[in-house]
Amino acid sequence: MRSKRNVLSIILNILIIVFVVVGTVVMLRPRQAADGSMLVSRGWRNLRYFTVLSNEFCGIVSVLWLVYYIRGKHFPALLKLMSVAAVALTFVVVAFFFAPANPQRNLYQGGNLWFHLIVPVTAMIEFGILDTDILPVKKTWIAALPSLVYGLGYLVNILVSGVGSGRSSNDWYGFLTWGYPTGFAIFAFTILMNWLIACLMQLFNKICQRVMLFLHF
């Protein structure tokens, strides 16, 4: 017999999948580049952004979680932690850095509404009520791998292809505007944030478990 918590997890994982699909479809609209949002590329070129990649990864992990659940198998806690930490990083960076720095842009419009807000918030709630293992701190650093791999790919692409300019710029986030040392520092800080967010998500899950136990949920 399924517990209320598992039923809620099933519903939320299905919602994450639906929201990612909707966000992807909206992102691929021909007029996406003119919606005043941060996703300024057209169509599949938006896949170069960490925002999009992290959300797609989160959707894939939810699909895998459902498959494991249906088959009665234990899903790897680390994959769930990696996916929620990645989209939570996107949520934090947009809410506290990009949005204040770009008041003229609507960062919650079009595909960004789904990828910057709806999917991350749903994923964080889902992880909070998820019946999963709490990983030791020494393993939580692995949850920062998505931002580490992305950052390395971003910088290697620039070193190989050059920075470029305008819409052809390989520094589409503008992190190297103040030089390579600053760019490297930004990426190092981002990876650190990714790891800290993973630790906070585990703490959030632990608190939620105690609350649900108290409520007999």
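The structure displayed is predicted, hence computed values, not measured ones.

Reading the values: the criteria
Residues numbered from 1 in each chain as written. Predicted model: local features only at pLDDT ≥ 70, side-chain atom pairs only at ≥ 80, totals over all residues. Heavy atoms only, no water. Helix = DSSP H or I, 4+ residues; strand = E, 2+ residues; numbered from the N terminus. Rg over C-alpha atoms; globule rule 2.2 N^0.38 Å. Buried < 20%, exposed > 50% of the residue type's maximum accessible area, 1.4 Å probe, protein only. Expected span 1.5 Å × (residues − 1). Arc of directions from axis to C-beta. Contact = heavy atoms within 4.5 Å. Axes fitted to C-alpha atoms, helices over the stretch in contact; angles between N-to-C directions. Left-handed = near helix turned anticlockwise from the far one by under 90°. Nonpolar A, V, L, I, M, F, W, Y, C, P; charged D, E, K, R; others polar. Core = buried A, V, L, I, M, F, W, Y, C linked by side-chain atoms within 4.5 Å. Polar contact = N/O pair within 3.5 Å; in protein donor to acceptor, adjacent residues only side chain to side chain. Salt bridge = Lys/Arg side-chain N within 4 Å of Asp/Glu carboxyl O.

Before going further, it helps to spend a moment on the overall build of the protein chain. From N to C terminus, the protein chain includes 7 helices and 0 strands. Seen in sequence order, the protein chain has helices and strands lined up from the N terminus as α-α-α-α-α-α-α. The C-alpha radius of gyration computed for the protein chain amounts to 18 Å, which stays within 12% of the reference 17 Å derived for 217 residues, consistent with globular compactness. Referenced to the eigenvectors of the C-alpha coordinate spread, the extents of the protein chain come out at roughly 60 × 40 × 30 Å. Within the protein chain, the proportion of its 217 residues that are buried is 47%.

Counted at 1.5 Å a residue, the expected span for helix α6 (residues 145-161) with its 17 residues is 24 Å, and the 24 Å between its end C-alpha atoms agrees. Along α6, the residues that are buried comprise Pro146, Ser147, Tyr150, Gly151, Tyr154, Leu155 and Ile158. The arc enclosing the buried residues of α6, seen along the axis, measures out at 150°, which places them on a common side. Opposite the buried face of α6, at more than 90 degrees from it, the exposed residues are Val149, Leu159 and Val160. As for α6, its buried residues are in contact with α2 (50-70), α3 (77-101) and α7 (180-214). The first or second residue beyond α6 is Gly162, which carries a positive phi of 90°.

Let us now look at the packing of helix α1 (residues 4-27) against α2. Look at α1 against α2: their axes get within 9 Å of each other, and the N-to-C directions meet at 145°. As α1 runs across α2, the sense of the crossing is left-handed. Residues Asn6, Ser9, Ile10, Asn13, Ile14, Ile16, Ile17, Val20, Thr24 and Met27 of α1 touch α2, and the partners they reach there are Val52, Asn55, Glu56, Cys58, Gly59, Ser62, Val63, Trp65, Leu66 and Tyr69. Its residues assigned to classes, the contact of α1 with α2 shows 12 nonpolar, 7 polar and 1 charged.

Bringing the environment of Val211 into the picture now. Its place among the elements puts Val211 in helix α7. Along the primary structure Val211 and Leu117 are separated by 94 residues, whereas in three dimensions their C-alpha atoms are 25 Å apart.

Formed by 48 residues in total, the largest nonpolar core has its most connected members in Leu81, Val84, Phe98, Tyr154, Tyr173 and Met201. Top element by residues in this core is α3. It accounts for 12 residues. Not counting the four nearest positions on each side in its chain, Val84 is found in contact with Ala123, Met124, Phe127 and Met201.

Here the focus is the side chain of Asn170. With respect to the helices, strands and loops of the structure, Asn170 is situated in the loop between α6 and α7. Only 3.3 Å separates the side chain of Asn170 from the side chain of Asn157, close enough to count as a polar contact. A distance of 2.7 Å separates a polar atom in the side chain of Asn170 from the backbone oxygen of Gly162. What Asn170 contacts, discounting residues up to four positions off in sequence, is Tyr154, Asn157, Ile158, Ser161, Gly162 and Val163.

Scanning the entire structure with this criterion turns up 2 salt bridges. Note that Glu126 and Lys80 form a salt bridge whose closest N and O atoms lie 3.2 Å from each other. In this pair, Glu126 is assigned in helix α4 (residues 111-129) and Lys80 in helix α3, connecting sequence segments 46 residues apart. You can call Lys80 buried: its relative accessible area is 3%.

These values are about where atoms sit, not about what they do.
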